[in-house]
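So the chains spell out like this:
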Amino acid sequence: MQYVLTEEGEKYLHTGLPERKLIEALEKYGGRVLISELESEIENLSIGLLWAKKKGWIELKFNEIILVSKPEKYEEEIALAKIKEGKIEEVDKKIIEILLQRRLIEKVSYKHLEELIDREIISLTPELIKTGFWRKVRLKKYDINVPPAQIFRGKLHPYIKVINEVREFLISLGFKEAKGPLVEIEFWNCDALFMPSDHIAREIHDIFFVEGEGKIERKDVWENVEKVHKRCWGYWDKDLAKRLILRSQNTAISARELANLSELPVKIFAIDRVFRPDTIDAKHFIEFEQCEGIVVGENLNFRNLLGYLREIAKIFGGKEVRFKPSYFPFTEPSVEMYVKIEKLGWVEAGGAGILREEVTRPLGVNVPVLAWGLGLGRLALLKLGLDDIRYLYSTNLKWLREVEI
Amino acid sequence: MPTVMFNKKELLSFVGKEIKDSELVRIIEALKPSVEEIDEENIVLELTSDRIDYFTVEGLARAIRSYIGLKNPKLSVSKPRITIWKENVPVRPYIGCAIVRNTKLNDSFIKSLMNLQEIIHETYGRKRKKVAVGLHDFDKIYGTIRYVGANRDERFIPLGESKEMSLIEVLAKTEKGKMYGNLIYNSNKWPVFVDEKGIFSFPPILNSERTKITEKTKNIFIDVTGIDRQAVQKVLNLFCLVFIERGCRIESIKIKGESVEITPNFSENVFELSLSEIERILGLRLGERQIISLLKKMDYEAKEVKGKIIVVVKPYRFDIISKSDIIEDIAIAYNYDNFDPYLPNLFTKGEIHPIERVSNKIRELLIGFGFQEIVRPILTNSKTQFEKMNIAIQDTIKILNPVSEHYTELRCWLLPSVIEFLSYNTKEAYPQKVFEIGDVVIRDESAETRSRNIRKVSGAIADNGSFYAEIKKIVVELAKVLNKEIRFEEVEHPSFISGRVSRVIENDREIGIFGEINPIVLENFKIYMPVAAFEFSLE
């Protein structure tokens with residue numbers, strides 16, 4: 001027959017029995033104290049009183065406890081410790097009875113464990129530890145050269161990591177993030193950006209069309225845009241403007257934001273998905289992320305635009321920046337930014353410009369607007385050391401698991 | 001953006017000066033094009049669509065010449081000697097014509113002209129709809145020229161053919177007729193130029209074999225037709241520019257219709273700039289003299305009148321719409337490299353979009369659970385998101401002009417993207433725990449765009465065993481992180497095993513679903529491993 005400590009037994013082994021607590025308190029109070037004084041001080045005071053009295057260590061007079069004799073040792077505590085260590089043969093039978101009565105130990109059968117004695121086992125179990133039987137078995141030595149099973153960490157997608165870095169960087173520059181619908185009205189994607197109704201970038205090889213027409217919610221803006229198109233291009237096709245498409249540039253988000261400005265100055269950015277028909281290969285896909293931003297405020301000029309671009313270029317990790325003239329239908333002047341990257345040389349980093357007044361005025365904005373866009377896919381490939389954009393939407397779990405981010 | 005290749009020697013002979021490669025690249029790039037390649041023979045440029053004049057070696061040479069301070073030939077035109085009678089042809093109402101005298105055509109010249117013609121047709125001409133150009137041997141044209149609406153059975157010998165064809169046959173049988181016939185087909189009368197001998201041009205489809213241009217051609221008749229008066233004029237001007245640069249003389253033509261017009265019209269397009277608006281846009285304080293010399297570098301004529309700069313724009317500049325276009329040219333002449341960038345003192349508060357903040361929180365949670373993030377296209381197809389998922393096909397947003405059968409519509413739920421991902425990785429070690437956070441799009445007739453994005457998260461565990469409880473635990477944690485009070489509700493969903501699927505409800509609204517994937521779905525995706533998965537809305 002074997003004995004193990006109950007939960008309470010374990011606790012007292014650790015903290016000391018209540019009667020020990022009681023005697024120690026009495027000594028502190030000079031040998032006598034009111035019960036009420038100790039009630040909050042000693043846990044399970046009543047148990048302590050019961051056993052101290054039984055052993056003749058104290059007397060109770062009315063509500064007062066009086067120390068009669070101080071015990072030399074607390075046999076039950078010693079017994080608990082021995083039982084814990086598995087040295088049951090060193091414990092007096094009477095004490096075992098008392099401990100059983102006090103529910104500080106309980107009987108257990110160890111037949112199945114006894115079978116293990118002197119044998120080599122593989123797993124150390126909670127029971128072996130609790131019963132002390134671990135001393136009577138041999139734990140098998142492992143072959144430390146056996147390779148472990150693979151462990152797969154939970155990880156961010158590397159592309160998301162780059163995107164989040166860009167996001168944080170722009171927020172630190174004071175840009176506020178905006179969103180817009182993936183299914184867009186051609187109006188916000190093209191017309192509001194001064195692209196004439198017959199612009200070649202509005203044809204089927206540059207835009208995905210979907211069925212249906214959008215609603216005109218900002219009649220004022222639609223009327224302004226119609227006027228400017230008729231004045232500058234000589235015509236405007238409203239039915240075309242109403243067509244629904246998949247957003248082909250995040251400048252559509254900028255246009256919506258400009259039509260709904262509530263504060264000045266303001267810096268706004270968007271990092272989001274756009275869609276364009278294209279051949280699908282290592283360099284092209286029909287969906288990609290675009291990062292675009294605007295700075296809206298009084299007295300902004302071309303030199304400020306270049307100033308922001310030089311700041312934003314830092315995300316590419318290049319030290320030198322170069323600017324070159326460029327063309328976008330909605331900006332004038334327009335500029336293309338190149339960043340010098342170690343080993344690669346000059347890399348095209350993005351386009352920018354000051355929005356034309358033909359764009360800003362119809363949207364109700366009468367201050368300069370600096371606009372820029374980053375080649376986010378290119379940036380991600382650069383940062384990840386890849387040359388195939390298909391990795392960005394990769395279906396390859398092995399690669400995702402192994403790539404260091 | 002379009003790419004063109006020029007013969008370097010030819011370009012430099014037009015410029016009229018030897019220029020070292022490095023210097024040539026610097027000049028051209030400062031003028032806007034990007035130099036893709038340069039070698040002994042050729043130079044390859046990437047051009048922007050605003051400067052159509054750069055598409056010709058003559059136009060680019062002219063720009064370089066003014067940029068480096070050489071003199072440009074004057075754009076002049078002599079008085080009309082010839083009159084064209086013009087009927088009203090509603091399908092193509094505008095024409096512009098000119099005669100080029102003293103042409104010395106050679107192979108490269110003809111190639112250059114054909115090249116320009118093609119570029120104009122493809123880009124600015126909107127595939128010949130807006131503008132089309134024809135060039136003819138003027139000496140093969142006899143008597144009075146008229147622009148008239150013809151019946152479809154009238155006949156001529158089209159370019160490249162040996163026999164007469166009726167106009168309708170030209171549309172039906174020739175390559176160009178098939179390509180561009182739709183531009184005029186629905187009209188009663190089709191546009192043609194005729195002389196004594198009959199039709200010699202059938203715009204915007206084909207010229208005639210009779211008036212075809214050869215190296216022997218001495219005088220050229222240009223016909224430009226279209227539906228936009230200004231565009232027709234500008235294209236004619238650009239062709240005239242090329243001929244003038246080649247040393248030819250342009251003779252104008254009187255066009256008599258409802259009114260009388262003389263083309264080409266090099267009349268001046270004048271803008272008035274003030275120093276302050278240039279400073280406001282560029283952030284540069286430039287003097288009048290400096291501005292005038294910068295403008296001259298960009299081939300403008302400019303002078304100062306009472307503190308204002310009067311700018312005359314060349315007739316072939318299609319892209320100058322307002323002052324800002326000219327101010328950009330001032331910046332280009334000043335050279336972008338010479339601008340000193342500076343950040344204005346403009347304090348604003350940066351902020352992440354709330355849905356991205358939530359998305360990042362969820363990423364953190366799922367990575368803690370050992371999930372690998374994936375990113376998939378939003379475009380998908382019906383087969384993947386409905387059929388293979390064992391559910392009825394739903395009304396989703398479809399593309400009218402898809403480029404691949406794999407990507408024909410927008411995903412309206414996220415789970416198929418995750419399951420499809422697993423199907424690509426059946427050879428990779430299990431357990432596989434993956435998730436995606438991304439947008440789906442659903443119809444919403446009340447919205448401005450008749451649809452709405454919804455940010456969702458979906459994840460799956462593929463492993464030998466039952467992971468329903470594990471997935472449920474994750475859903476409970478998701479709700480905790482999102483501060484949502486949820487309850488679970490029994491549901492039948494054919495993508496999941498009956499009795500092992502639950503809806504997630506918040507305030508009587510379904511915001512998610514999870515359970516063990518139906519083996520039918522696993523079979524459809526050829527995944528031979530049990531999968532438990534969830535999809536959850538983050539909005």
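Residues numbered from 1 in each chain as written. Chains lettered and ligands numbered in written order. Predicted model: local features only at pLDDT ≥ 70, side-chain atom pairs only at ≥ 80, totals over all residues.

## What about the overall build of chain B?
Broken down by element type, chain B carries 15 helices and 27 strands. Relative to the globule expectation of 24 Å for 539 residues, the C-alpha radius of gyration of chain B, 33 Å, shows a markedly less compact shape. Projected onto its principal axes, the C-alpha coordinates of chain B cover approximately 90 × 65 × 50 Å. Counting all 539 residues of chain B, 44% fall into the buried class. A separation of at least 24 residues holds for 70% of the contacts in chain B among residues at least 6 apart in sequence. (Helix = DSSP H or I, 4+ residues; strand = E, 2+ residues; numbered from the N terminus. Rg over C-alpha atoms; globule rule 2.2 N^0.38 Å. Buried ≥ 20, exposed ≤ 12 C-beta atoms within 10 Å, placed from the backbone. Contact = placed C-beta atoms within 7 Å.)

## So, the overall build of chain A
Looking only at helices and strands, chain A features 17 helices and 17 strands. Relative to the compact-globule value of 22 Å for 405 residues, chain A shows a C-alpha radius of gyration of 40 Å, a clear excess of over 25%. Principal-axis analysis of the C-alpha atoms places the extent of chain A at approximately 115 × 60 × 45 Å. A burial count over chain A gives 39% of its 405 residues as buried. In chain A, the share of contacts with a sequence separation of at least 24, taken over all contacts with a separation of at least 6, comes to 66%.

## Some points on the domain arrangement of chain A
Along its sequence, chain A is organised into domain 1 (2-139) and domain 2 (158-402). A C-alpha centroid distance of 75 Å is found between domain 1 of chain A and domain 2 of chain A. (Domains from an automatic or database assignment.)

## Structural notes on helix α16 (residues 376-384) of chain A
All names here are of chain A. Along α16, the residues classified as buried are Leu376, Leu379, Ala380 and Leu382. Buried residues along α16 cover an arc of 160° about the axis, so they all sit on one side. Residues of α16 that are buried sit in contact with α9 (158-172), β12 (266-275), β13 (287-296), β15 (331-341), β16 (345-355) and β17 (369-374). After α16 finishes, the residue Gly385 shows a positive phi value of roughly 65°. (Arc of directions from axis to C-beta.)

## Let's talk about unusual backbone geometry
Here Glu332 of chain A and Pro333 of chain A are connected by a cis peptide whose omega angle stands at 0°. For Pro333 of chain A, the location among the structural elements is in strand β15. Following Thr263 of chain B, the chain continues to Pro264 of chain B via a peptide bond in cis, the omega torsion being -5°. You can see Pro264 of chain B is positioned in the loop between β15 (260-263) and β16 (269-274). Non-glycine residue Asn299 of chain A carries a positive phi angle of around 60°.

## Section: the environment of Asn106 of chain B
Residues and elements named next belong to chain B. Structurally, Asn106 can be placed in the loop between β5 (94-101) and α4 (107-122). Of the residues examined, Asn106 has 11 C-beta atoms within 10 Å and is grouped as exposed. Spatially, the C-alpha atoms of Asn106 and Lys216 are 8.5 Å apart, while their sequence positions differ by 110 residues.

## Some details on the sheet that holds strand β9 (residues 183-185) of chain A
Residue and element names in this part refer to chain A. Strand order in the open sheet made by the 3 strands is β9-β11-β10, with antiparallel pairing throughout. Every interior strand has two partners, whereas the edge strands, β9 and β10 (209-213), have only one. Taken pair by pair, the neighbouring strands of this sheet meet at an average axis angle of 35°, ignoring direction. (Pairing = 2+ DSSP bridges. Axes fitted to C-alpha atoms, helices over the stretch in contact; angles between N-to-C directions.)

## Concerning the packing of helix α2 (residues 18-28) of chain A against helix α4 (residues 45-54) of chain A
All names here are of chain A. Between α2 and α4, the least distance of the axes is 7 Å, while the angle of their chain directions is 85°. Taken as axis vectors, α2 and α4 run roughly perpendicular relative to one another. Each of Pro18, Glu19, Lys21, Leu22 and Ile23 in α2 lies in contact with α4, whose residues at this interface are Leu45, Ile47, Gly48, Leu49, Trp51 and Ala52. (Parallel < 35°, antiparallel > 145°, perpendicular 65-115°, else oblique.)

## Concerning the pairing of β13 of chain A
Residue and element names in this part refer to chain A. Across the 10 residues of β13, 9 count as buried, placing the element largely inside the fold. Relative to β13, β12 runs antiparallel, the two sharing 10 bridges. Residue pairing in the sheet places Phe269 in a bridge with Gly293 of β13. Sheet topology note: the β13/β17 ladder contains 6 bridges and is antiparallel. Note that in β17 the partner of Gly293 across the bridge is Trp372.

## Quick notes on the sheet that holds strand β4 (residues 64-67) of chain A
All names here are of chain A. Taken in spatial order, the 3 strands line up as β2-β4-β3 in an open sheet, and their pairing is antiparallel. Two strands in the sheet have a free side with no partner beyond their single neighbour: β2 (32-34) and β3 (58-61). Between one strand axis and the next, the sheet turns by 20° as a mean value, whatever way the strands run. Pairing analysis gives 4 bridges linking β3 to β4, with the strands arranged antiparallel.

## Things to note about the interface of chain A and chain B
Each side of the interface is counted separately: chain A has 79 residues, and chain B has 77 residues. For the side of chain A that touches chain B, the leading source of residues is helix α14 (residues 302-312) of chain A, giving 8 residues.

## Overview of the pairing of β4 of chain A
One face of the sheet, then the other: side chains in a regular strand alternate in exactly this way. Residue and element names in this part refer to chain A. The sheet contact formed by β2 and β4 spans 3 bridges and is antiparallel. When the bridges of β4 are listed, Val33 appears paired with Ile65. Where β3 folds back onto β4 in an antiparallel hairpin, the turn is made up of 2 residues, including Phe62, whose phi is positive at roughly 50°.

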